[in-house]
Amino acid sequence: MQSVKFRLNGNPVTLKTDPTRRFLDVLREDLSHTGPKEGCGEGECGACAVLIDGHITNSCILPLGNVDGRDVMTIEGYRETERYRVLEEAYIAEGAVQCGICIPGMIIASESLLHHNPSPTDDEIRIGLSGNLCRCTGYNMIIRAIKRAAERGKGLW
Amino acid sequence: MSNIHHSVPKIDASEKISGRMAYVADIRIDGMLHAKTVRSTEAHARIRDIRVPTLPEGYYVIDHRDIPGKNVVKMIFEDWPVFAVDKVHHIGEPIMLVVGPDKRVVQTLVDAIEIDYEPLESVFSMTESVIHYHYDKGDAEAAFKEADRIIAHEYDTGYQEQAYIEPQGFIGTYEDDRIHLIGSIQAPYYVKNAVIETMACAPEDIRVVQATVGGAFGGKEEFPSLIGCQLAVALKKIKKPIKLIYEREEDMDTTTKRHPSKTRIEGAIKDGKITALRTHIGIDSGAFIGLSGVVLSRAIIASTSAYTVDNLDISGDVYKTNTVPNGAFRGFGAPQMIYAVEMFFHHVAKELGVDVHAFRLKHLAKQGDRTSTSGLFRDPILMPEMIERACAMSDYHRKRKAYADPNVYKGIGMSWFLHGCGFTGSGEAEHIKAKVTLEKLASGLVHLRVAAVDMGQGAKTTLMKVAAETLGLPLERIVYDNPDTDLVPDSGPTVASRTAMVVGGLIARAAARLKDEWNDGEHQTITEQYTQPEYMAWNQDTFTGDAYPAYSWGVNVVEVEVDKTTLEVQVKNIWSTYDVGKSLDDNIVIGQADGGTAQGVAYGYLEVMRHHRGKLLQKNMTDYVIPTAVDMAKTETELFDNPFAFGPYGAKGAGELTLVGGAPAVALAIEMAIGERVHSIPATPEYLMEVLKNAKR
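Every value quoted in this text rests on a predicted model; they were computed, and no experiment measured them. (Residues numbered from 1 in each chain as written. Chains lettered and ligands numbered in written order. Predicted model: local features only at pLDDT ≥ 70, side-chain atom pairs only at ≥ 80, totals over all residues.)

Topic: the overall build of chain B
Note the threshold: Secondary structure elements are defined from DSSP: runs of H or I of at least 4 residues count as helices, runs of E of at least 2 residues count as strands, and each element is numbered from the N terminus. For the radius of gyration, the atoms used are the C-alpha atoms, and the globule rule reads 2.2 Å times the number of residues raised to 0.38. Exposure classes come from backbone-placed C-beta atoms, where a residue is buried if 20 or more other C-beta atoms lie within 10 Å of its own, exposed if 12 or fewer do, and partly exposed in between. For the purpose of contact definition, each residue receives a C-beta atom placed from its backbone, and two residues are in contact when these atoms lie within 7 Å.
Scanning chain B from terminus to terminus reveals 18 helices and 28 strands. Scaling as 2.2 N^0.38, a compact globule of 697 residues should have a C-alpha radius of gyration of about 26 Å, and chain B matches this with 25 Å. Counting all 697 residues of chain B, 59% fall into the buried class. Partitioning the contacts of chain B with sequence separation of at least 6, the portion at a separation of at least 24 is 83%.

Section: the overall build of chain A
Assigned secondary structure in chain A consists of six helices and five strands. Each helix (α) and strand (β) of chain A, taken in turn from the N terminus, gives the series β-β-α-β-β-β-α-α-α-α-α. A globule of 157 residues ought to have a C-alpha radius of gyration of about 15 Å, and chain A, at 15 Å, matches this closely. In terms of overall dimensions, chain A has C-alpha extents of about 50 × 30 × 20 Å along its principal axes. Residues classed as buried in chain A amount to 54% of the 157 residues present. Restricting to contacts in chain A with at least 6 residues of sequence separation, those with at least 24 account for 62%.

Considerations on the nonpolar core
Cut-off, in case you're wondering: Throughout this description, the term nonpolar core refers to a group of buried Ala, Val, Leu, Ile, Met, Phe, Trp, Tyr and Cys residues whose C-beta atoms join them within 7 Å.
With 274 residues, the main nonpolar core has Leu463, Ala467, Ile507, Val666 and Ile670 of chain B as its most contacted residues. It is helix α8 (residues 334-352) of chain B that provides the largest number of residues to this core, a total of 11 residues.

A few points about the interface of chain B and chain A
Going by this rule: Under the convention adopted here, Pro, Cys and the residues Ala, Val, Leu, Ile, Met, Phe, Trp and Tyr are nonpolar, Asp, Glu, Lys and Arg are charged, and Gly plus all remaining residues are polar.
Listed by partner, the interface residues are 42 residues for chain B and 40 residues for chain A. Of all the elements in the fold, those that place two or more residues in the side of chain B that touches chain A are α1 (13-17), α15 (586-605) and β27 (634-639) of chain B. Counting residues per element, the side of chain B that touches chain A draws most heavily on α15 of chain B, at seven residues. Split by residue class, the side of chain B that touches chain A holds 18 nonpolar, 16 polar and eight charged.

Points about the sheet that holds strand β6 (residues 114-119) of chain B
Consider a sheet: its strands pair through backbone hydrogen bonds, and that pairing is either parallel or antiparallel. All names here are of chain B. To keep things clear, this is the line we draw: Strands pair, by our definition, only if DSSP identifies at least two bridges between them.
The strand order across the open sheet formed by three strands is β4-β2-β6, and the pairing between neighbours is antiparallel. Each having just a single partner strand, β4 (87-88) and β6 make up the two edges of the open sheet. As defined by bridge partners, strand β2 (residues 45-51) adjoins β6 across six bridges and the pair is classed as antiparallel. Pairing of isoleucine 47 across the sheet is with tyrosine 117, part of β6.

Notes on the domain arrangement of chain A
Residue and element names in this part refer to chain A. For clarity, the threshold we go by: As annotated, the domain borders come from an automatic or database domain assignment.
You can read the domains of chain A as domain 1 (4-77) and domain 2 (81-152). Computed from C-alpha atoms alone, the centre-to-centre distance between domain 1 and domain 2 is 21 Å. Counting from both sides, the interface comprises 14 residues of domain 1 and, opposite them, 12 residues of domain 2. Across the side of domain 1 that touches domain 2, the residue classes break down as nine nonpolar, four polar and one charged.

A word on the packing of α15 of chain B against helix α17 (residues 662-674) of chain B
Residues and elements named next belong to chain B. As a reminder of what qualifies: Where helices are involved, their axes are fitted lines through C-alpha atoms of the stretch in contact, as for all axes, and angles between N-to-C directions lie from 0 to 180°. Note on terminology: angles under 35 degrees are roughly parallel, angles over 145 are roughly antiparallel, angles of 65 to 115 are roughly perpendicular, and the others are oblique. Crossings are sorted by hand: turned counterclockwise from the far helix by less than a right angle, the near helix makes the crossing left-handed, and turned clockwise it makes it right-handed.
Viewed as axis vectors pointing N to C, α15 and α17 meet at an angle of 50°, and their least axial separation amounts to 7 Å. Between α15 and α17, the angle falls in the class oblique. Between α15 and α17 lies a crossing whose hand is right-handed. Note on element contacts: α17 touches α15 through Gly662, Ala663, Ala665, Val666, Ala667 and Ile670, opposite Thr597, Gln599, Gly600, Val601, Tyr603, Gly604 and Tyr605. Of the residues belonging to the contact of α15 with α17, the class tally is eight nonpolar, five polar and no charged.

Let's talk about the pairing of strand β17 (residues 435-440) of chain B
Residues and elements named next belong to chain B. In terms of strand pairing, β17 meets strand β20 (residues 524-529) through six bridges, oriented antiparallel. What sits directly across from lysine 440, in β20, is glutamine 524. The pairing of β17 with strand β18 (residues 446-449) spans four bridges and is classified as antiparallel. In the sheet register, leucine 438 faces β18, and the bridge partner there is leucine 448. Linking two consecutive strands that pair antiparallel, namely β17 and β18, is a turn of five residues; a positive phi of about 100° is found at glycine 444 within it.

Observations regarding the pairing of strand β13 (residues 261-270) of chain B
All names here are of chain B. The pairing of strand β8 (residues 149-157) with β13 spans nine bridges and is classified as antiparallel. Directly across from isoleucine 150, in β13, lies its bridge partner alanine 268. With 10 bridges connecting them, β13 and strand β14 (residues 273-286) associate as antiparallel partners. Bridge pairing in β14 links threonine 263 to isoleucine 281.

What about the sheet that holds strand β1 (residues 33-39) of chain B?
All names here are of chain B. Spatially, the seven strands line up as an open sheet ordered β3-β5-β1-β12-β9-β10-β11, and their pairing is mixed. A single partner strand is all that each edge strand has here, and the edge strands are β3 (60-62) and β11 (206-210). Ignoring strand direction, the axes of neighbouring strands in this sheet form an average angle of 25°. For strand β10 (residues 178-183) and β11, the ladder comprises five bridges, and the chain directions are parallel. Residue isoleucine 179 lies in a different strand from β11, and its bridge partner there is isoleucine 206.

With respect to the packing of α8 of chain B against α17 of chain B
Residues and elements named next belong to chain B. Running from amino to carboxyl end, α8 crosses α17 at an angle of 35°, the nearest separation of the two axes being 8 Å. Here α8 runs over α17; the crossing is right-handed. Residues Pro335, Ile338, Tyr339, Glu342, Met343 and His346 of α8 form the contact with α17, whose own contacting residues are Ala663, Pro664, Ala667 and Leu668.

Things to note about the environment of threonine 275 of chain B
Residue and element names in this part refer to chain B. Examined against the element boundaries, threonine 275 turns out to sit in strand β14. Between the C-alpha atoms of threonine 275 and asparagine 311, which are 36 residues apart in sequence, the distance is 6.3 Å. Excluding its chain neighbours within four sequence positions, the residues that come into contact with threonine 275 are Ala143, Ala147, Ala268, Lys270, Asp310 and Asn311.

Let's talk about the environment of alanine 467 of chain B
All names here are of chain B. Looking at the secondary structure, you find alanine 467 in helix α13 (residues 459-471). In the structure, alanine 467 is positioned 52 residues away from serine 415 in sequence and 35 Å away in space, judged by C-alpha atoms. Ignoring sequence-local partners within four residues, the contact set of alanine 467 consists of Leu438, Val446, Leu448, Ile478, Ile507 and Ala511.

Observations regarding the domain arrangement of chain B
All names here are of chain B. In terms of domain boundaries, chain B breaks down into domain 1 (24-121 + 163-254), domain 2 (261-424 + 544-696) and domain 3 (427-529). Averaged C-alpha coordinates put domain 1 and domain 2 at centres separated by 36 Å. The interface is formed by 24 residues belonging to domain 1 together with 27 residues belonging to domain 2. Broken down by element, the side of domain 1 that touches domain 2 gets its largest block of residues, five residues, from helix α6 (residues 248-254).

Re α17 of chain B
All names here are of chain B. We count it as follows: Take the number of residues in a helix, subtract one, and multiply by 1.5 Å to get its expected span.
In a regular helix each residue adds 1.5 Å, so 13 residues correspond to 18 Å; α17 covers 19 Å between its end C-alpha atoms and thus fits that length. Where burial is concerned, most of α17 is hidden: 13 out of the 13 residues are buried. The positive-phi residue at the C-terminal boundary of α17 is glycine 675, with phi of around 75°.

Points about the environment of serine 372 of chain B
Inspection of the secondary structure assignment puts serine 372 of chain B in the loop between α9 (356-363) and α10 (383-394). Using a count of 25 C-beta atoms within 10 Å as the deciding quantity, one classes serine 372 of chain B as buried.

Digging into the confidence of the model for chain B
So the rule is basically this: Every residue gets a pLDDT, meaning the predictor's confidence in that residue, from 0 to 100.
For chain B, per-residue confidence averages 97 on the pLDDT scale, and 100% of positions sit at 70 or higher. Confidence estimates for the predicted assembly give a pTM of 0.98 and an ipTM of 0.99.

Things to note about unusual backbone geometry
Residues and elements named next belong to chain B. Put simply, isoleucine 681 and proline 682 share a cis peptide bond, and its omega is 0°. With respect to the helices and strands, the residue proline 682 is situated in the loop between β28 (680-681) and α18 (685-696). Unusually for a residue other than glycine, serine 374 sits at a positive phi of about 65°. In this fold, serine 374 is placed in the loop between α9 and α10. Here tyrosine 409, not a glycine, exhibits a phi torsion of approximately 55°, which is positive. The residue tyrosine 409 is located in the loop between α11 (396-402) and β16 (410-420) in this model.

This is how it looks when you write it as structure tokens:
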């Protein structure tokens, strides 16, 4: 079996396993990275979102082989950054977290959005989050959290 | 004291945001096996033969023959088997489990099992009643005789899927002859009590622990008892750790949903007022009754929603069909009825040619009025102020004039509603008998020993605040771990908008006692048990008396635009006012309001689930559409203080209230936009097209 090599949160990883396996399973089962969650298993809910070379990707529909040679960041790596701290504070202050299962994916989506648009409007935030489903909050508090993070984190993105 | 509503950071937010919080699927136990369910592909059939391929070593099948006790899931109505025996009653009914170390091999084995069926006649229409309820108030017959006019309409509602983002799941171990289950559940003691029946064992042989729950909405009230019982049977036989996690399609295809319903309302009109209602609601239970009788109770008790009507003849039936069993979902029967009542009041006003708003105000319930079940609205009702405020926030009266022209394709709809807090009737006092314990350690830390589950609604933060505030301690001195039936008394299931009011009330009482008896350095334990307010009198046979100790109230206003060509609905704005007694944390209550209203509004126009001969046509998040951030509108919510004497700091129920008014508000807005009546939800573009086509004829 060919090995797959990639960087995971800055660290090199080499795996000898079936390259057609879902990347989400590899992260959760082989690498104990359980921050990305499985909500739907078909790329619809965004709970499994990770950043691959900075692009938001649903890891549940991504074969492991596709990350060969790429740079992967999961919530486990992102939570060590200054940008994360700003987002975390904002999500808490705005009451944006209920059951929480979608939130690691929402944080990845927030990063992806702010990276491309550091001061988004409400409508731009709604579009930016439209690949991530939340059943608890109705999104309002999440939208407010992202606005707050954009203001307080000025210059970080 | 009165500042308890000020928001604090949620106690579990940081752990959830960072991805560190372990949900059940995140838990791994060395040597654990994986289980997968073998299910019926037939809606109604006799099982003639089951052929299981030779199993590789370390792989097992578990079926009804392995059950040591009763092959029934203990819940309100006990007709639901743990595993099918010789017959199946719906597509997806569990027949056996396959268990083994490699998930993919397990799946291959599931696919390789061959089952021969002899098809039996299936029922898909609401024709076979298994439960019938009826009650009267006043003298409906006389009122109908004296009526100037009688108006009747029919309304129907479809399925709604809870669509929690975390699918159902458990992990279990078997050690020292004890079964230990960890699951995504709302009711630890429901699971424990069900497993005791199935395993025919002593209570101390079963331990149930709640894993962090990734959304529930009622879907994890009774259904997890089924999975828990199945897993317990497997654990006893195999004696190794086993994980059973549903995938999304399996979850949607086989777990309980909101009951589809059909309601017929007939109103007697005299001197411009509705003097009597004769209402019948039918709900589809699917193949097993489960909680459907209790859902029907709540539905028929909601027959007048926020209005007072003096004479009632109300009935309902639970119909059994060969479809997936339906069950608990936030609102529990009330959303179906309140939708029908709100539409009916509007339709009657239009037919009488009177102003809808004035007509509704004439019927609005007031303090001192008799409830639908001839109980008493004892507490102040703030609806007039709440309605006025919602009208001002939304500019309702100007917009409803501006949108009256159907050529503008805009609409604004308003719903008024109430929700009875806690269990119906004497359920709390007779069946649940909730207990809570506060355990103060010598160190001064106070543990809340309660079975209440935080499924995202903020139960932990809310109940800890109640304890901290009453004890005069900082929040850091209060500990509230996920319930473990080895450690917590049965404070009841986390359902029916009862947690803040009932469990919170008991915590406040226990905390007040602990404060009085506080001894530094001493280990102290205080237990409190629920006692019903003395004024409550309920007759379950006649459905008369006080159905609930208190009512929460709400107003939703929804504004929509409808595309002229495609008839697609875009929700533009949502405004709400709520009376939940006293908010115990504003962010938490408004979060409930945002999420509940989103679910309620989406129920009215967006969320479509149907079946064809018992096979659900929607089975994943791609074809069962729930609102995205783009579908959802901005919401503005205001809370009105109206403290309830028996709730902690005046709190009543909040969780379900916020869902029940969404569907009628959006349906009424759509009705205004297209200029034709909506009788069926979800009001999809296809349905609206049919409505317009029929209107032109």
